[in-house]
Structure formats: C-alpha cells, structure tokens
Amino acid sequence: MSWPDLAGPDRSRPDRAVLFTKWVLFANHNSLRKPPRPGAIMRPHSFAIMESLMKWLISLVIAVVVLGTLVLWLAPGAVESSMNAIQEDTSVKPTAQAQQLHQTLQIADLHADSTLWHRDLLERADRGQVDIPRLREGNVAVQMFTTVTKSPLGLNNESNSADALDTITFLAVGQRWPRATWTSLKQRALYQANVLADLERRAPEEFSFIKNQADLQTLLAQRASGSNIVGGLLGTEGSHALDGELSAVKELYAAGFRMMSLQHFFDNKVGGSLHGLSQAGLTEFGKAVVDKMEAMNIMIDVSHSSPAVVEDVLDRVNRPLIVSHTGFYGHCQTARNISDELMQRIATAGGLIGVGYWDSAVCDTSVSSIVSAIRYGIDLVGVDHVALGSDFDGTVITPFDTSQLSLLTTQMLATGFTEHEIRQVMGENTLRFFAENLPAD
C-alpha cells in the first residue's frame, strides 16, 4: 500500500504529514500546559526539547505506517492459512474402485468463498481449500463461488448483531481492494464478481463463467469431449450486498450473479437471520427483493435465513429454493441447522440442499460424518434433493480440500451407497437444478 492510500488525500505527501504532526504536537502541547505569563519569553532550550520530541514522534509515526503497511500486505495470507485449514482424516484411503468411479462423475459444489481471499485462483496455492488447479484435480465440473461482504466480530451460530464491528472491512483494506469497497457492501460483491470474470479472461481454456443454460451446456459438452475445464457460477452470501437498494438486484445480475442468499450471520434489511437477534420473517423490502429475484430467474439461497424467512419465501415463490451449505438438524443438533420439517418442505417444493463439510454442520471434521449426514438427508428428503455444499474457504476447517473429493466417493462406496446415489449427490442433482433454473440465455 502506498503512502497516499494510507494517509489520505489531505496528508498524502511526507512533507504534509510532517506539518500535520507538528500541528498536532503543538496543539496538544499548548492545550495541556498553563498559559504563559504576560511578557514571558520562551527559552531556547525549550525549543530544542520540543524539536527533539517532534522528531521522535515523526519517526514513530513513520515506523507505525511502515509496520502497518507490512501487516496489511502480509497478514491476510496468514489469516487465511489459519482460518481455512485442512485437518486430514487418515481413516479413509481412496481405493482403486472409488478412484475409477470418481473419474466418471459429474461433480458440482454449491458453495465456496474463495473469491474473498488474496490469491490467484488460477495458481495452485499452499493455503485454502479451492483454486482452479485443485478443482481440476478433484474432477469438479462446476463450482458455485459465493461473495462474502460482511461478517460480524465475534461471529457465532446463536446470536449476532448487525451493528457489530465488521471484519470484512479490515480484510478489504488489508488485501488492497479498491477504496469503494471499504464502505460499500455492493462494491465488495462487484469486486469479487470481477475476480471471477478475470479468471475466464485470462484462461478461457481452464475456466468458464457460467451465466445461463447455454453456457452450462457448452461446458458439459467440452468436458464430455475430454476437456478438464471448470465452470463457475456466482452467488451472494447475504442480500445486505444490495446496500438496501432494490435496483442493485439488477446491477448484481448484470455482473453475473445467478444465486443470491438472503441473509448471513445477522439480520438485514431483507429479514431475520438464523443467527441474528430478531428471528423475524421477510420485511416489506425483503418481499420486494424476493419478487425481483424470482422475476429475473435468480436462484434464491436460504442457507442462513431464519425459519420465519424460509417459510415466508416458500409461501411467496413458485420456483424451488437452494440451501447451499448446511447440515440436517436430526443428524447434527446445532444452531447452524434448521429443522428437518422445514428441510422436507423445501424439498417437497423441488429444492436442493447442499451438505457442508465442517463441524457445526455435521458435528465433526471427518469424512464419515459428512457421508453420514448425506445418508441422513437422502433418507429424510430423497436422493434427488441432496447435493454437495462444502463451504470451502469460508473460514472452516475441513478434512480435505477440493482436490481430494474422491475420499467422499470412497466412503460412500464403503458404506453401501449405490452408484446412482453417488452420481446424484456428487453433482448430477446440482447440474440438473442449474439447467432447470438458470436463465435460458
């Protein structure tokens, strides 16, 4: 980060910073000391002391600026390494049978927050859980990328205030995002959309930005012909990304967003969060947003929505819903998961439920827990309504990254899943849902 970025337009040059520091120093000094007696004369050594103090303070300011700049440049990588970690599960080893089947699957995942982090997704990284090389290694055909725009300090599954300090602001500044993103959630979403679009611009043979049914069919045809190209869709992590503007739905759509979730970990202008304070349903603004999304063929994700919001949306829409990353309450009784009854209602309306890979969704970080949650879901709502919803790169610890998805195939075979069940859950349900619910062109 350059000095102008850190200091601002009014104090962008070092000489102005010096003048400003002198002003602060003398202003503070004069505000604290007693007024001079009438006719008193400042002694020369007093000027020397003040000049020495001023030089020390200027040096301290410069040191803080340099240190702060280094932290802002280097800390995001260290933060991600600790927050998107892999806790390897050594109890499951891929078998030859599983590997052979895995290479024939059409795999799709409903949720990854990879565009949030400061790394080139075209390069294989030594941190995080998703990038294009690892998606290709894992035989993933389609990945839904979701844009996180706000996250409360002290985040938890039970109760969060929308007024809590926002940690994404610090991340945006630290990762040197454009200044517009520092204060606008919509601009953060648009910035991450451009990250995804840039992947296609730079490597169209490796990545395709899918926006409609035609794009999806082209991608699947390419893969059927032997290409290992990966397709990506774009979704929001909460509709606070609209910045409270109904017109922003159209703006985000134009940038490529085809799935929008309504809430994240706090209540917003659309309605209550599963983890918020109100547990309220849709607001009047929220109803208008949902109507707009449905009219534009935007898939609606209720992953973090309060039960009241989910019920309000089900009562209002004609199109099926997505729960992009979750667990099932009957399998893992945590505050992260909504009731089995509500999941059944979502499925009955044609919805799709993505099973996550982290502890509060499936109750621990093991391959067997993920697979047992999938089995529970199949038994609860039917095989056609269960999918993968990893939440990779969403500040979660998982037992593998996306290159190691064959571990799921291995465990499914070992626990008696049929080949049909494996194919449906690993991606065919999601691809069918996209084919039916994306805009035609």
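The structure under discussion appears in the preceding block.
What you see as residue numbers is a count from 1 along each chain, following the sequence as written. Reporting of local features is limited, given that this is a predicted model, to residues whose pLDDT is at least 70; pairs of side-chain atoms are given and counted only at 80 or more, and all residues count toward the totals for whole chains, interfaces and linings. Just so you know, side-chain values use all the structure's heavy atoms and leave hydrogens and water out.

A. Layout of the nonpolar core. The definition of a nonpolar core used throughout is a set of buried Ala, Val, Leu, Ile, Met, Phe, Trp, Tyr and Cys residues joined through side-chain atoms within 4.5 Å. Burial here depends on accessible area, computed with a 1.4 Å probe over protein chains only, as a share of the maximum for the residue type. Under 20% is buried, over 50% is exposed, and the range in between is partly exposed. Judged by nonpolar contacts, the single largest core of 84 residues is most densely connected at Leu262, Ile300, Val313, Ile374, Phe400 and Leu408. Only DSSP runs of H or I with at least four residues qualify as helices, and only runs of E with at least two residues qualify as strands; both kinds are numbered from the N terminus onward. Per element, the largest residue contribution to this core is eight residues, and it comes from helix α14 (residues 367-381). When checking whether two residues touch, look at their non-hydrogen atoms; a contact exists if any pair is within 4.5 Å. When sequence neighbours within four positions are dropped, the list of residues in contact with Phe400 reads Ile86, Tyr357, Val367, Ile370, Phe392, Leu405, Leu407 and Leu408. With 20 residues, the next largest nonpolar core counts Ile229, Met299, Ile322 and Leu352 among its residues.

B. Main features of the state of the cysteines. Working definition: a disulfide is two cysteine sulfur atoms within 2.5 Å of each other. By the definition in use, this model includes one disulfide. A sulfur-sulfur separation of 2.1 Å characterises the disulfide bridge that pairs Cys332 with Cys363. Handedness here is read from the sign of the S-S torsion; for Cys332 and Cys363, about 95°, the answer is right-handed. Here Cys363 lies in the loop between α13 (359-362) and α14 and Cys332 lies in the loop between β7 (322-326) and α12 (340-348), a separation of 31 residues in the sequence.

C. Here's a closer look at the environment of Val140. Note on placement: Val140 falls in strand β2 (residues 140-147). When the C-alpha positions of Val140 and Asn228 are compared, they lie 8.7 Å apart, and in sequence the two are 88 residues distant.

D. Expanded view of the pairing of strand β4 (residues 230-236). Counting buried positions along β4 gives seven out of seven residues, so the element sits mostly inside the fold. With burial as the criterion, each face of β4 is covered, one bearing Val230, Gly232, Leu234 and Thr236 and the other bearing Gly231, Leu233 and Gly235. Strand direction decides the pairing type here: β2 and β4, joined by six bridges, are parallel. From the neighbouring strand, Val142 faces β4, where its bridge partner is Gly231. By this definition, two strands are paired if DSSP reports at least two bridges between them. With three bridges joining them, strand β3 (residues 207-209) and β4 adopt parallel strand pairing. Residue Phe207 lies in a different strand from β4, and its bridge partner there is Val230. When the strands point away from the viewer and the path from the first strand over the helix to the second turns clockwise, the crossover is right-handed. Handedness of the crossover joining β3 and β4 through helix α8 (residues 213-224): right-handed.

E. Highlighting the side chain of His240. Following the sequence through the fold, His240 ends up in the loop between β4 and α9 (248-254). Reaching out from His240, the side chain makes a polar contact with the side chain of Asn268 at a distance of 3.4 Å. Those residues in contact with His240 that lie beyond four places of it in its chain are Thr149, Lys150, Leu185, His264, Phe266 and Asn268. Each polar contact in these results corresponds to two N or O atoms within 3.5 Å; when the atoms are within protein, one needs to be able to donate a hydrogen and the other to accept it, and residues that are neighboring in sequence are counted only if both atoms are side-chain atoms.

F. Up close: the pattern of salt bridges. When a carboxyl oxygen of Asp or Glu lies within 4 Å of a side-chain nitrogen of Lys or Arg, that pair is called a salt bridge. In this structure the tally under the stated criterion is 19 salt bridges. The closest approach of N and O atoms between Arg136 and Glu206, which form a salt bridge, is 3.7 Å. Of this pair, Arg136 sits in helix α5 (residues 132-137) while Glu206 sits in the loop between α7 (185-202) and β3; the two residues are 70 residues apart in sequence, bridging distant segments of the chain. Glu251 is the partner of Lys186 in a salt bridge, and the nearest nitrogen-oxygen pair spans 3.0 Å. Taken together, the residues Lys186 in helix α7 and Glu251 in helix α9 connect sequence positions 65 residues apart. Overall, Lys186 belongs to the buried group, its relative accessible area being 10%. What emerges from the salt-bridge pattern is a single network uniting Glu80, Arg119, Arg127 and Asp393.

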